[in-house]
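One-letter residues, chain by chain:
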2 protein chains.
Amino acid sequence: MTDTLATGATIGILGGGQLGRMLSVAAARLGFRTHIFEPGANPPAADVAHHVTTAGYDDIDALKAFANAVDVVTYEFENIPTEALDVIETIRTIHPNREALRTSQDRLTEKTFLEGLDLRVAPFADIASAADLEDAMQTIGTPSILKTRRFGYDGKGQSRLLSADDAPTALEDMAGSPAVLEGFVNFTSEVSVIAARSPSGEVACFDPGENVHRDGILHTTTVPANLSASLRMDAVLMAAKILNALDYVGVLGVELFVTPQGFIVNEIAPRVHNSGHWTQNGCAIDQFEQHIRAIAGWPLGDGSRYADVVMENLIGDDMDRVPELAKQRDTALHLYGKTDVKAGRKMGHVNIIKR
Amino acid sequence: MTDTLATGATIGILGGGQLGRMLSVAAARLGFRTHIFEPGANPPAADVAHHVTTAGYDDIDALKAFANAVDVVTYEFENIPTEALDVIETIRTIHPNREALRTSQDRLTEKTFLEGLDLRVAPFADIASAADLEDAMQTIGTPSILKTRRFGYDGKGQSRLLSADDAPTALEDMAGSPAVLEGFVNFTSEVSVIAARSPSGEVACFDPGENVHRDGILHTTTVPANLSASLRMDAVLMAAKILNALDYVGVLGVELFVTPQGFIVNEIAPRVHNSGHWTQNGCAIDQFEQHIRAIAGWPLGDGSRYADVVMENLIGDDMDRVPELAKQRDTALHLYGKTDVKAGRKMGHVNIIKR
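Thresholds, definitions, all that
- Residues numbered from 1 in each chain as written.
- Chains lettered and ligands numbered in written order.
- Predicted model: local features only at pLDDT ≥ 70, side-chain atom pairs only at ≥ 80, totals over all residues.
- Heavy atoms only, no water.
- Buried < 20%, exposed > 50% of the residue type's maximum accessible area, 1.4 Å probe, protein only.
- Helix = DSSP H or I, 4+ residues; strand = E, 2+ residues; numbered from the N terminus.
- Pairing = 2+ DSSP bridges.
- Disulfide = S-S within 2.5 Å.
- Contact = heavy atoms within 4.5 Å.
- Polar contact = N/O pair within 3.5 Å; in protein donor to acceptor, adjacent residues only side chain to side chain.
- Least-squares fit on C-alpha atoms with pLDDT ≥ 70 in both.
- Axes fitted to C-alpha atoms, helices over the stretch in contact; angles between N-to-C directions.
- Parallel < 35°, antiparallel > 145°, perpendicular 65-115°, else oblique.
- Left-handed = near helix turned anticlockwise from the far one by under 90°.
- Nonpolar A, V, L, I, M, F, W, Y, C, P; charged D, E, K, R; others polar.
- Domains from an automatic or database assignment.
- Buried area = accessible area lost by both parts, 1.4 Å probe.
- Salt bridge = Lys/Arg side-chain N within 4 Å of Asp/Glu carboxyl O.
- Phe/Tyr/Trp six-rings, centres within 6.5 Å; stacked < 30°, edge-to-face > 60°.

All names here are of chain B. For strand S8 (residues 179-183), a buried count of five out of five residues is recorded, marking the element as mostly surrounded by other parts of the structure. Here five bridges tie strand S6 (residues 144-148) to S8, and the two strands are oriented antiparallel to one another. Among the inter-strand pairings, Ile145 is bridged to a residue of S8, identified as Glu182.

Turning our attention to the state of the cysteines. In total, this model carries zero disulfides over all chains according to the counting rule given. Not engaged in a disulfide, the cysteine Cys283 of chain A finds its nearest cysteine sulfur in Cys205 of chain A; these two sulfurs lie 12 Å apart.

Residues and elements named next belong to chain A. Within the secondary structure, Glu202 sits in the loop between strand S9 (189-197) and strand S10 (203-205). As for Glu202 and Leu23, which are separated by 179 residues in sequence, their C-alpha atoms are 20 Å apart. Ignoring anything within four residues of it in the chain, the contact list for Glu202 reads Ala196, Arg197, Pro299 and Leu300. At a separation of 3.3 Å, a polar atom in the side chain of Glu202 contacts the main-chain amide nitrogen of Leu300.

The next thing to look at is the relation of the copies chain A and chain B. Relating the two copies of this chain is a rotation about some axis coupled with a shift parallel to it. Note on the copies: chain A fits chain B at an RMSD of 0.0 Å, the axial shift is 0.0 Å, and the rotation between them is 180°. Overall, the copies show the geometry of a two-fold rotation axis. Residues of chain A ranked by C-alpha distance from the rotation axis are headed by Val48 of chain A, positioned 2.0 Å from it. Interface residue correspondence from chain A to chain B reaches 100%, placing this contact among same-surface, isologous pairings.

Another aspect to go through is the sheet that holds strand S5 (residues 124-127) of chain A. Residue and element names in this part refer to chain A. Judged by pairing direction, the sheet is antiparallel, and its four strands sit side by side in the order S5-S8-S6-S7 without closing on themselves. A single partner strand is all that each edge strand has here, and the edge strands are S5 and strand S7 (158-161). On average, each strand axis in the sheet is tilted by 20° relative to the strand beside it, whichever way the strands run. Contacting S5, strand S6 (144-148), S7 and strand S8 (179-183), helix H5 (residues 107-116) runs over the sheet at an angle of about 145° to S5. Against the sheet, helix H6 (residues 130-140) touches S5, S6, S7 and S8, its axis set at about 170° to S5.

Moving on to the packing of helix H1 (residues 18-29) of chain B against helix H9 (residues 287-295) of chain B. Residues and elements named next belong to chain B. At a minimum axis separation of 8 Å, H1 and H9 run at an interaxial angle of 65°. On the basis of their axis angle, the class for H1 and H9 is roughly perpendicular. As H1 packs across H9, the resulting crossing turns out to be right-handed. Along the contact surface, H1 presents Leu19, Met22, Leu23, Ala26, Ala27 and Arg29, while H9 presents Phe288, Glu289, His291 and Ile292. Residue classes in the contact of H1 with H9 are distributed as seven nonpolar, one polar and two charged.

Turning our attention to the domain arrangement of chain A. Residue and element names in this part refer to chain A. One can read the domain layout of chain A as domain 1 (10-94), domain 2 (123-183) and domain 3 (189-354). The distance between the C-alpha centroids of domain 1 and domain 3 comes to 22 Å. If you look at the interface, domain 1 gives 18 residues, while domain 3 gives 21 residues. Of the roughly 1800 Å² buried between domain 1 and domain 3 on both sides combined, carbon and sulfur atoms contribute 69%. Contact with domain 3 buries area across many residues of domain 1, yet Gln18, Met22 and Leu30 alone supply 31% of it, more than any other trio.

What follows concerns the sheet that holds strand S2 (residues 33-38) of chain A. Residues and elements named next belong to chain A. Spatial ordering of the open sheet is given by S3-S2-S1-S4, a layout of four strands whose pairing is parallel. Lying at the two open borders of the sheet, with one neighbouring strand each, are strand S3 (51-54) and strand S4 (72-75). Taken over all neighbouring pairs, the strand axes of this sheet differ in orientation by 25° on average, direction set aside.

Our next topic: the packing of helix H4 (residues 98-105) of chain A against H5 of chain A. Between two packed helices, both the angle of their axes relative to each other and the distance between the axes serve to describe the pair. Residues and elements named next belong to chain A. H5 packs onto H4 with a crossing angle of 110° between their chain directions and a minimal axis gap of 5 Å. Relative to H5, the element H4 is oriented roughly perpendicular. Along its contact with H4, which presents Arg102, Thr103, Ser104 and Gln105, the element H5 presents Arg107, Thr109, Glu110 and Phe113. In the contact of H4 with H5, the residues fall into one nonpolar, four polar and three charged.

Per the stated rule, a full pass over the model turns up 41 salt bridges over all chains. A salt bridge links Arg329 of chain B to Asp302 of chain A, with the shortest nitrogen-to-oxygen separation between them at 4.0 Å. One end of the pair, Arg329 of chain B, is in the loop between helix H10 (322-325) and strand S16 (331-335); the other, Asp302 of chain A, is in the loop between helix H9 (287-295) and strand S15 (308-315), on a second chain. When its relative accessible area of 53% is taken as the criterion, Arg329 of chain B is described as exposed. Where Arg102 of chain B meets Glu99 of chain B, a salt bridge forms, and the shortest distance between an N and an O atom there is 3.0 Å. Of the two residues, Arg102 of chain B and Glu99 of chain B are both situated in helix H4 (residues 98-105); the distance of three residues between them amounts to about one turn of the helix. Under the relative-accessibility criterion, Arg102 of chain B is labelled partly exposed at 46%. The exposure class of Glu99 of chain B is partly exposed, given its relative accessible area of 36%. Through salt bridges that share partners, Arg29, Asp286, Glu289 and Arg293 of chain A make up one connected network.

What follows covers the packing of aromatic side chains. This structure, assessed with the given rule, holds 13 aromatic pairs over all chains. Pairing Phe37 of chain B with Phe66 of chain B gives two aromatic rings, centres 5.3 Å apart and planes at 65°, and the pair type is edge-to-face. Remark: Phe66 of chain B occurs in helix H2 (residues 60-69) and Phe37 of chain B occurs in strand S2 (residues 33-38); sequence separation between them is 29 residues. Of the two residues examined, Phe37 of chain B and Phe66 of chain B, each falls in the buried class. An aromatic cluster of at least three residues, connected via ring pairs, comprises Phe37, Tyr57, Phe66 and Phe77 of chain A.

Take the interface of chain A and chain B next. The interface is formed by 44 residues belonging to chain A together with 44 residues belonging to chain B. Counting each side, the surface lost to burial between chain A and chain B is near 3400 Å², with a carbon and sulfur contribution of 54%. When the area that chain A buries against chain B is broken down by residue, the three leading residues are Thr7, Asp47 and Tyr306 of chain A, summing to 16%. Where chain A touches chain B, the interface holds three salt bridges. Where Asp47 of chain B meets Arg33 of chain A, a salt bridge forms, and the shortest distance between an N and an O atom there is 3.1 Å.

Laid out in C-alpha cells, this is it:
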C-alpha cells in the first residue's frame, strides 16, 4: 500500500532523460517536487527538477542518500542495475515494483510471463548457443529476428534472419549476450496501449494509438488507431490483465501487433512510453500525470480523449524543422532541451491536433 | 529587436511565484532553461527552474550576476523596483519593456495612457491630499473607490466610498500613499483579454474570458465569455492597440468592464495573468508558452480555443477539496507546491473542460 503523498512531497526518479523531464513537469503540476538520479551530467530532466544527484548506479552512498531524500521512487527506463534497486528498496518503495521490472527487463521472461496469461506472443526460443539457434531455426524458420534478451531499445541489439545463411552473422551481432529468436509476425499494423493502475487496483487506459516506425525508432503515433470497437476493447482488457498479474502501480506501455487473427503482444515497457506522448495534447490528464498520480496514491485521472492527435518524434536533424513547425496551426512542440544534435537521437516531439 | 533564442538558452525570470513556475514549465517545453531571481526562500518556481538566485532586489552584485547568466530577462509581477531594472537593463534586454512597466505600475499613469489611446476608463482623479479628495468627490461623487497608485493587487490598497462620510477613513487606509479616486462603474460583467505581441509586431489574442471575483480575488474565469461577436472583436482590437502603443513584447492581460455603452478598461497587467490560466487546457499553446515564444523571438503560437473551460482558483482552504477534485471528470488540477496554506493565498487552480 502506498500512502497518499501530500503537496510538497518529493518523488525520486531514476534516469534524467526526456521521460524523467516530462514526469517532473507532471509532478510539479500536482504540487510535488522531483529529485533526479542520473549518472550523466546535465540531463534533460535537470532543467525542471527540484534536485539532481549526479552519480553512478554503483554508488551505494549516493543511492542511499537519494532514497532517504525522497518519499517514493520511480524510474524512466527499465534497465536499472538490480544492485541499485536492492539498495533503494531497503529504504523506499519503488513503483512499478521489482517483479514488473524483472519481467520486462528480459525478453525471455517477458514472453514466458505473457504466455502464462494466455496472451499471444510471437513464436520464440531461448538462444544461448549456435546449437540452440540451429534447433530453433527448424521450428521458427525464417524470416525471424534474433534479439538480445536484455538492454535492447529503439531497434538496437536486433538482427534479422531472412534465411538460415544469416544465422552466423546474427549470432555474432549478439556478441555473446543471451538472446531469443522470434518468429516473424505478419502484422497489418502496430498499436500501443498506455495503461495505468493505482495501489487500490483501479485501472485506466488511454485510447490505443497506432505506431509507425522508421529505422527501428518510433516515428509517429496516431489516435484514434484504425481498430474495430471489439479490438479496441480487447486491447484494454489485455493491458488490464497484465497490470493486475504484476500487481502493478504506475503507467505501463503495451505494444501490440494487429494480425488477421487478433493481437500479438510485441513487448511491454514498465514506464511512460514514447507512444503515449500524444496524451499531452489530447487528454485532460496525460500519461505523465497519470503515472505520478498512481505512484503518489492519488485517484487516477480522466484520460478520455478529447481530440484526435498525431504525435511525431523529432529525431536528429528534424530539429531543423522547428522554426517551420513553430508557425504551424494546431501544433504543440515539446522539446527536450538537448543541445547536442545526433543522428537517431530523440530531440523532441510534436503533437498535431486534428479537428 | 530580439535574437531568436536557441535550444538550451536561459530565460531569466524576476519573481518565483506560481506565474514564474508556470512560465518555467512552458520555457522547458520549448527547450529553454530558466533562472529565477527571487528574494524569498523556496519559491514555487524553484521546483521547476534550472537555477535560482535567492537575493534581494537591492543586491546589485546578485542582479549583475543574474543578468550575465541569462539570455533575456522577463518578470512575473509588475512591482519590481526601478533600481533593479536599471542594473539589469545595462546587461540584458528586459521584455516586456520599461515603458510597459512604468505605465502599468502606476494607476494614474495607466489611466492617462489609456485615455490617450481613446480608450474609455472610469472617471478618475489624482489624490495627493485631503483637499484633492474633497475636490474630486464633487465631480466623481459616490459610490467610488480610492486606490493606491502603486503596489495594489487582489483588492489590496483599495477603499470604497459609499458616501462623502467615508472620505477620512478611506484616506487613512492609503497610509499616505499617492492615490487615485475612481468613479464606480455600473458594469454587467468583467472580461479579460490575454494578448501577446512578438518583436516583429505580430499580435495574437486568446478568446476573452469572463471573470467572477470573490473577496476582491479572482474566483472563476469562464470561456467563452458571454459577449456579442462585435464586443469580442472590440476587445481584441483594444488589446492590440495597447500592445502596439507600448511597442510591447510578451503577454499582456487587459481587464475590461462590460457596460451597456461598451467596454471600460479596468486595468492592464504587463505579464501572464490569472484570468489566462484556462488556456492551459483549452488551447494548443497556452499563455505561458505564448509569453516565452514572444520574448524568445519565436513566432507566436496557435492560441485558438478548442474547448470551453471554467478556471477556478483554489484559495486557502480550497486545498481541502483537492482529493474530490482529483476524482472529477474533465478536471485538470494545477497546484503550486505551496505547503503553507493561508487564507486568501492562491494555492492552485483547476481547469474544468466543458464538452
